[in-house]
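Each chain is listed here by its residues.
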Amino acid sequence: MAEDLVLDTAIRDWVLIPLSVVMVLIGVLRYFVSMLMRSSQTPDAKIVKEGQVVLRARNLRAGANFIPSKAFRARKIYFCNEENGLLFVPKGQAQNPQAQMFSDPNMAMDMMKKNLSMIIPQTLTFAWVNFFFSGFVAAKIPFPLTQRFRSMLQNGIDLSTVDVSYVSSRSWYFLNLFGLRGLFSLILGEENAVDDTQRMMQMGGFGFDPSKGLSAEKDNLDITQHDWALPNFEQRAEAVLRKVIS
């Protein structure tokens with residue numbers, strides 16, 4: 001049976017609260033450092049144009065049932081025509097994002113700056129937490145959990161008799177690392193919030209391939225079926241108006 005622990009208030013004052021405050025301050029500081037390291041680049045007109053084409057195609061799919069069938073087919077041909085459609089990308093013209101990054105040293109430098117601004121603070125903070133706060137039971141979750149959460153919430157504590165709802169200091173660090181986006185959105189704004197999860201996912205890629213976005217949107221638009229959502233709309237509107245007037 002799991003044991004119930006009585007947490008010392010000193011752990012709250014000297015482990016839980018300082019760790020949370022330091023994680024918030026490091027996130028804010030990292031945001032301003034990344035702003036200083038960011039280099040101003042002129043956006044590529046071709047990439048901006050292709051992004052706008054994708055947005056227009058998505059709007060067409062979203063409102064396809066509210067325009068006549070003839071108008072939808074005409075717009076669909078305009079976007080998906082195999083000869084000169086806006087979403088059609090010939091095989092020979094597909095861009096390689098890796099080659100594009102290595103051909104542009106500014107892009108490679110910006111990506112390296114972003115990765116360094118994430119890796120260095122996280123490495124130093126984890127070393128600080130692991131050295132000073134390793135082995136502490138920092139908090140308790142006020143609801144029961146299953147055994148599957150033990151490895152996530154009790155990292156650094158090798159006691160199977162402790163209830164799963166107790167959180168170790170090392171696990172509290174990871175919870176703060178990936179769960180402070182809402183707080184950062186309040187402090188820095190929704191568009192400027194630091195999201196470590198997205199940054200870690202972006203580290204695996206070398207760049208954005210606009211040709212893949214065009215091809216994917218073309219496939220989505222090709223399979224979109226038109227279902228007229230306003231049949232006999234004039235007659236129904238007239239009937240409603242007659243009921244309101246009478």
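Here the structure is a predicted model, which means the values were calculated and not measured.

What counts, and where the lines are drawn
Here the residue numbers are simple positions, counted from 1 along each chain's written sequence. Given that the model is predicted, a residue must reach a pLDDT of at least 70 before its local features are reported, and side-chain atom pairs must reach 80 or more before they are shown or counted; all residues, however, enter totals for whole chains, interfaces and linings. Derived side-chain values reflect all non-hydrogen atoms in the structure, with water molecules and hydrogen atoms excluded from consideration. Numbering of helices and strands runs from the N terminus, with a helix taken as a DSSP run of H or I at least four residues long and a strand as a DSSP run of E at least two residues long. Any helix carries an expected span of 1.5 Å times its number of residues minus one. What is called the bend at a residue is the angle between a pair of axes, fitted to the seven residues leading up to and ending at it and to the seven starting from it. Throughout, exposure labels follow a simple rule: accessible area from a 1.4 Å probe, protein chains only, divided by the maximum for the residue type, with under 20% read as buried, over 50% as exposed, and the rest as partly exposed. Only the contacting stretch of a helix is used when fitting its axis, a line to C-alpha atoms as for every element, and angles between N-to-C directions run 0 to 180 degrees. In these notes the angle categories are as follows: under 35 degrees is roughly parallel, over 145 is roughly antiparallel, 65 to 115 is roughly perpendicular, and the rest is oblique. It is the rotation of the near helix from the far one that decides the hand of a crossing: anticlockwise by less than a right angle makes it left-handed, clockwise makes it right-handed. Residues count as neighbours in contact if any of their non-hydrogen atoms are within 4.5 Å of one another. Under the scheme applied, nonpolar residues are Ala, Val, Leu, Ile, Met, Phe, Trp, Tyr, Cys and Pro; charged residues are Asp, Glu, Lys and Arg; polar residues are all the others, including Gly. Each aromatic pair joins two rings of Phe, Tyr and Trp (for Trp, the six-membered one) with centres within 6.5 Å, and gets the label stacked for planes under 30 degrees apart, edge-to-face for over 60, and tilted for any other angle. Candidate patch residues must exceed 30% relative accessible area and have no salt bridge, after which like charges are joined if within 9 Å and Val, Leu, Ile, Met, Phe, Trp or Tyr side chains if within 5 Å. Each accessible area is a Shrake-Rupley result for a 1.4 Å probe, and residues are judged covered by the shown protein chains and nothing else. Here, a salt bridge means any side-chain nitrogen of Lys or Arg that lies within 4 Å of a carboxyl oxygen of Asp or Glu. Here, nonpolar core refers to any group of buried Ala, Val, Leu, Ile, Met, Phe, Trp, Tyr and Cys residues whose side-chain atoms link them within 4.5 Å.

Here we come to helix 1 (residues 9-37). Given a rise of 1.5 Å per residue, 29 residues ought to cover 42 Å, and the 41 Å separating the end C-alpha atoms of helix 1 matches this to within 8%. The sharpest bend along helix 1 reaches about 25° and sits at Pro-18. Looking at helix 1, one finds that the buried residues are Ile-11, Val-15, Leu-16, Leu-19, Ser-20, Met-23, Val-24, Gly-27, Val-28, Arg-30, Tyr-31 and Ser-34.

On to the packing of helix 1 against helix 7 (residues 169-179), then. Relative orientation of the contacting elements helix 1 and helix 7 amounts to 30°, with a least axis distance of 10 Å. As judged from the angle between their axes, helix 1 and helix 7 are roughly parallel. As helix 1 packs across helix 7, the resulting crossing turns out to be right-handed. Only Ser-169, Trp-172, Tyr-173, Asn-176 and Leu-177 of helix 7 make contact with helix 1, whose side of the interface consists of Val-15, Leu-16, Leu-19, Ser-20 and Met-23. Across the contact of helix 1 with helix 7, the residue classes break down as 7 nonpolar, 3 polar and no charged.

This part is about the packing of aromatic side chains. Per the stated rule, a full pass over the model turns up 7 aromatic pairs. When the centroid spacing of 5.7 Å and the interplanar angle of 45° are considered together, the rings of Phe-126 and Phe-174 count as tilted. In this pair, Phe-126 sits in helix 5 (residues 105-132) while Phe-174 sits in helix 7, placing the two residues 48 residues apart along the sequence. You can call Phe-126 partly exposed: its relative accessible area is 28%. Through successive ring pairs, a cluster of aromatic residues spans Phe-126, Tyr-173 and Phe-174.

This part covers a nonpolar patch on the surface. Together, Met-109, Met-112, Leu-116, Ile-120 and Leu-124 make up an exposed nonpolar region whose accessible area comes to about 460 Å². Within the secondary structure, Met-109 sits in helix 5.

Counting 17 residues, the largest nonpolar core has Val-15, Met-23, Val-129, Tyr-173, Leu-180 and Phe-184 as the members making the most contacts within it. No other element matches the 8 residues that helix 1 contributes to this core. Setting aside residues up to four positions removed in sequence, Leu-180 forms contacts with Met-23 and Val-24. Counting 12 residues, the second-largest nonpolar core is a separate cluster that includes Val-53, Ala-57, Phe-79 and Leu-214.

For the coordinates displayed, the defined rule picks out 6 salt bridges. The partner of Arg-12 in a salt bridge is Asp-13, with the nearest N and O atoms 3.0 Å apart. Its relative accessible area of 42% is what places Arg-12 among the partly exposed residues. Accessibility expressed as a relative area gives 35% for Asp-13, which makes it partly exposed.

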